[in-house]
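Structure at a glance
Below are the chains, spelled out letter by letter.
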Amino acid sequence: MTDDDPFRRLLRWYPASWRRAHGDIVAGMLRDVAEATGGAAPSPAERRSARIEGLAHHLDRRLALVAAVAAVVLAAAGFILYLVVPAILQSTAGVLPWEGGPTAMSVVAAVTIFSVPLFVAMSLIATLRVRGLRAGPALASLVIATLATVLLAGAGASWSIGFDEADAGVARSPFAAAWLFLAAGAALLGATATAILIGTMLAGRLRGWAYVIGGAAGLVLAPTLMITLPSPATAGLAAIGALVLADLGTRPPRRDTRSPAGSVPSAPGWAPASAAAADSPGPHGRAAEARSRWIAGLATTSFVLGIPAVAFAFAGSQWSALDATEAMRAGIASGALAAIPFALCVGVARTGHRTRDRWGPAALLAAAAAALAIVNAASDGDGNAIVWQLLLCALPIAGAVAWLLLTSWGAGDSGGILAIGAALPVLVLALGLQLLPFLTPVAALVVAVSASVRRRRRAVAVG
């Protein structure tokens, strides 16, 4: 068969290395199917499938690593520009950093707001694809995430231009006035991409609730990342985390007992090796029933306590002596305390671990929630101080993430690197901790409903 053969041409969507290894066999199979049905060329369905699967095969280990390295290099360049360029302007032109840096700072913004998130998203999606994410969701989330970063960069440029126009005393241009629409579009697209990824990964376990949880996570993560990633430092942490996860998450398995990298699992979208065992009723049905009840009860408690805290944060100034800012801080503090029962769900769910490994991460998460409550209750409104205080509050969360990974993943000698690589992006979201009281009721409700649904299914399966 030559390259003019329609079946060989169809395989051009695949990487060259894949065509060399499998091209002749697959082209022959397609030709046999076509001849059996009286056709001389691939069917429309085969063409569509080849385009999707072929493009998705480019999302491999090499792309994951290259994209992550590019993100790290660009983040480092942005950090250097952020520090060096203002100093050069001040020493050579006598211009203060906050007066003379619009052009230089726009370069920094282009690097940190657009380029780094784009390559981080590309690396993460390629890593998930190697781990078993289906071709369609992988490509869809990549395209949507790319559009989200484009709109996010436009929103940043629009905001900057609007400030320059306001300082110059000129009328706001249409582009400057469109920043809110651009930011909202970026948040919506980012939430959609996140919902596709998380929903697809959970589809084999939670079925109808998978995309509900994915959508809720997208609504939480997308705005938070929009707030935190514009900083060169946080963009660098995210890039380093993506590089570590890409390196460790796409390594070929050492044993034949594990599913090969890049294989498509039988469950729709995602199928970890323990998925079937997780949902099958075991000999400890009574213990599992009690565990589900505790998780549902703790999550419901956080939901019930969190709703009044959210209401007070937004409307407390209307029925108390506090002003709007003080009421907001009081509501955040109350909501953070309401999140403590929800944090304890981690310890309840981690059966089969030693006591310290079971309750240690839960204690760290509860400590972070308590620290967040103290920070907001004692805050005097100093915006510079609260940034460092929130970073300190995020440290226990990063420690909990590392602890969970070290005690849950069989990563061997690389477990520490994986834990650090996953904990660093948690610190990126430090400023987003102020959103915790507003997000806890939603997450708690999802967990409570999920625990109740799984308890009901377990009862039906046993009965």
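Residues numbered from 1 in each chain as written. Predicted model: local features only at pLDDT ≥ 70, side-chain atom pairs only at ≥ 80, totals over all residues. Heavy atoms only, no water.

Moving on, we come to the overall build of the protein. When helices and strands are tallied, the protein shows 18 helices and zero strands. In the protein, which comprises 463 residues, the share counted as buried stands at 40%. Expressed as a percentage of contacts within the protein between residues at least 6 apart in sequence, the contacts between residues at least 24 apart total 74%. Surface summary for the protein: the accessible area is close to 23,900 Å², and the carbon and sulfur share equals 68%. (Helix = DSSP H or I, 4+ residues; strand = E, 2+ residues; numbered from the N terminus. Buried < 20%, exposed > 50% of the residue type's maximum accessible area, 1.4 Å probe, protein only. Contact = heavy atoms within 4.5 Å. Areas by Shrake-Rupley, 256 points an atom, 1.4 Å probe, with all protein chains shown as cover.)

A word on the nonpolar core. Residues Leu59, Ile125, Leu133, Ala138, Leu142 and Leu197 are the most contacted members of the largest nonpolar core, which totals 16 residues. For this core, the secondary structure elements donating two or more residues are helix H4 (61-92), helix H6 (102-130) and helix H7 (135-168). Apart from the residues within four sequence positions on either side, leucine 59 is in contact with Ile125, Ala126, Arg129, Val130, Ala138, Leu139 and Leu142. Ranked by size, the runner-up nonpolar core spans 12 residues in total, among them Ala336, Leu372, Ala373 and Val375. (Core = buried A, V, L, I, M, F, W, Y, C linked by side-chain atoms within 4.5 Å.)

So, about helix H15 (residues 355-378). With 24 residues, H15 extends 34 Å between its outermost C-alpha atoms, agreeing within 8% with the 34 Å of an ideal straight helix rising 1.5 Å per residue. Along H15, the residues classified as buried are Asp357, Gly360, Pro361, Ala362, Ala366, Ala368, Ala369, Leu372, Ala373, Val375 and Asn376. (Expected span 1.5 Å × (residues − 1).)

In this model, helix H2 (residues 16-36) (21 residues) spans 28 Å end to end at C-alpha, consistent with the 30 Å of a helix rising 1.5 Å per residue. The largest bend along H2 reaches roughly 65° and is located at histidine 22. Among all positions in H2, only Trp18, Gly23, Ala27, Gly28, Leu30 and Ala34 are buried. Residues of H2 that are buried sit in contact with helix H1 (6-10) and helix H3 (44-56). Positive phi appears at glycine 38, one or two residues downstream of H2, with a value of about 80°. (Bend = angle between axes of the 7 residues up to and from the residue.)

Right, let's get into the packing of aromatic side chains. By the definition in use, this model includes four aromatic pairs. Plain terms: the ring middles of tryptophan 159 and tryptophan 179 are 4.6 Å apart, the flat faces sit at 85° to each other, and that makes the pair edge-to-face. Taken together, the residues span a long stretch of sequence, with tryptophan 159 in helix H7 and tryptophan 179 in helix H9 (residues 179-206) at a distance of 20 residues. Looking at tryptophan 159, the relative accessible area reads 43%, which means it is partly exposed. Judged by relative accessible area, tryptophan 179 falls into the partly exposed class, the value being 28%. For the ring pair phenylalanine 312 and tryptophan 319, a centre distance of 6.1 Å and an interplane angle of 65° mean the geometry is edge-to-face. By relative accessible area, phenylalanine 312 is classed as partly exposed at 21%. (Phe/Tyr/Trp six-rings, centres within 6.5 Å; stacked < 30°, edge-to-face > 60°.)

This paragraph deals with the pattern of salt bridges. With the rule as written, the count across this model stands at six salt bridges. A salt bridge links arginine 354 to aspartate 357, with the shortest nitrogen-to-oxygen separation between them at 3.2 Å. (Salt bridge = Lys/Arg side-chain N within 4 Å of Asp/Glu carboxyl O.)

Attention now goes to the packing of H3 against H7. Taken N-terminus to C-terminus, the directions of H3 and H7 make an angle of 70°; their axes are 9 Å apart at the nearest point. Taken together, the axis directions place H3 and H7 in an arrangement best described as roughly perpendicular. Once H3 is placed against H7, the crossing between them reads as left-handed. On H7, the residues that touch Ile52, Glu53, Leu55 and Ala56 of H3 are Ala135, Gly136 and Leu139. (Axes fitted to C-alpha atoms, helices over the stretch in contact; angles between N-to-C directions. Parallel < 35°, antiparallel > 145°, perpendicular 65-115°, else oblique. Left-handed = near helix turned anticlockwise from the far one by under 90°.)

In this section: the environment of alanine 339. Inspection of the secondary structure puts alanine 339 in helix H14 (residues 324-349). Since its relative accessible area comes to 7%, alanine 339 is described here as buried. Residues alanine 339 and leucine 305 lie 34 residues apart in sequence; the distance between their C-alpha atoms is 8.4 Å. Beyond its immediate sequence surroundings of up to four residues, alanine 339 is in contact with Ser302, Ala369, Leu436 and Thr440.

Here isoleucine 332 lies in helix H14. Along the backbone, isoleucine 332 and glycine 306 are 26 residues apart, and their C-alpha atoms lie at a distance of 9.5 Å. Among all residues touching isoleucine 332, those that are not within four sequence positions of it are Ala313, Asn376, Gln434, Pro437 and Phe438.

Before going further, it helps to examine the packing of H14 against H15. Viewed as axis vectors pointing N to C, H14 and H15 meet at an angle of 180°, and their least axial separation amounts to 8 Å. The angle between the axes of H14 and H15 places the two elements in the roughly antiparallel class. Within the contact between the two elements, H14 uses Arg329, Ile332, Ala333, Ala336, Leu337, Ala339, Ile340, Ala343, Leu344, Val346, Gly347 and Val348 and H15 uses Arg358, Trp359, Ala362, Leu365, Ala366, Ala369, Ala370, Leu372, Ala373, Asn376 and Ala377. Looking at the contact of H14 with H15, its residues break down into 19 nonpolar, two polar and two charged. (Nonpolar A, V, L, I, M, F, W, Y, C, P; charged D, E, K, R; others polar.)

With that settled, the discussion passes to the confidence of the model for the protein. Mean pLDDT over the protein: 77, with 74% of residues reaching 70 or higher. Low confidence marks residues 96-101, where pLDDT is under 50. Its contacts with residues over four positions away, or in another chain, come to seven contacts. Contacts from residues 409-417, a stretch scored under 50 in pLDDT, to residues over four places away or in other chains number eight contacts. (pLDDT = per-residue confidence, 0-100.)

On the surface, a cluster of positive charge is contributed by Arg9, Arg12, Arg47, Arg48 and Arg51. If one sorts the elements of the positive patch by residue count, H3 sits on top with three residues. (Patch = residues over 30% accessible without salt bridge, like charges linked within 9 Å, V, L, I, M, F, W, Y side chains within 5 Å. Lys, Arg positive; Asp, Glu negative; His and termini not counted. Charge placed at Lys NZ, Arg CZ, Asp CG, Glu CD.)

On to the side chain of threonine 194, then. Turning to its location among the elements, threonine 194 is positioned in helix H9. Of the residues examined, threonine 194 reaches a relative accessible area of 16% and is grouped as buried. Within polar-contact distance, the side chain of threonine 194 engages the backbone oxygen of glycine 190 at 2.9 Å. Not counting residues up to four positions away in its chain, the partners in contact with threonine 194 are Gly199, Gly214, Ala217, Gly218 and Leu221. (Polar contact = N/O pair within 3.5 Å; in protein donor to acceptor, adjacent residues only side chain to side chain.)

Within the fold, phenylalanine 181 resides in helix H9. Remark: the alpha-carbon pair of phenylalanine 181 and leucine 151, spanning 30 residues in sequence, is separated by 9.1 Å.

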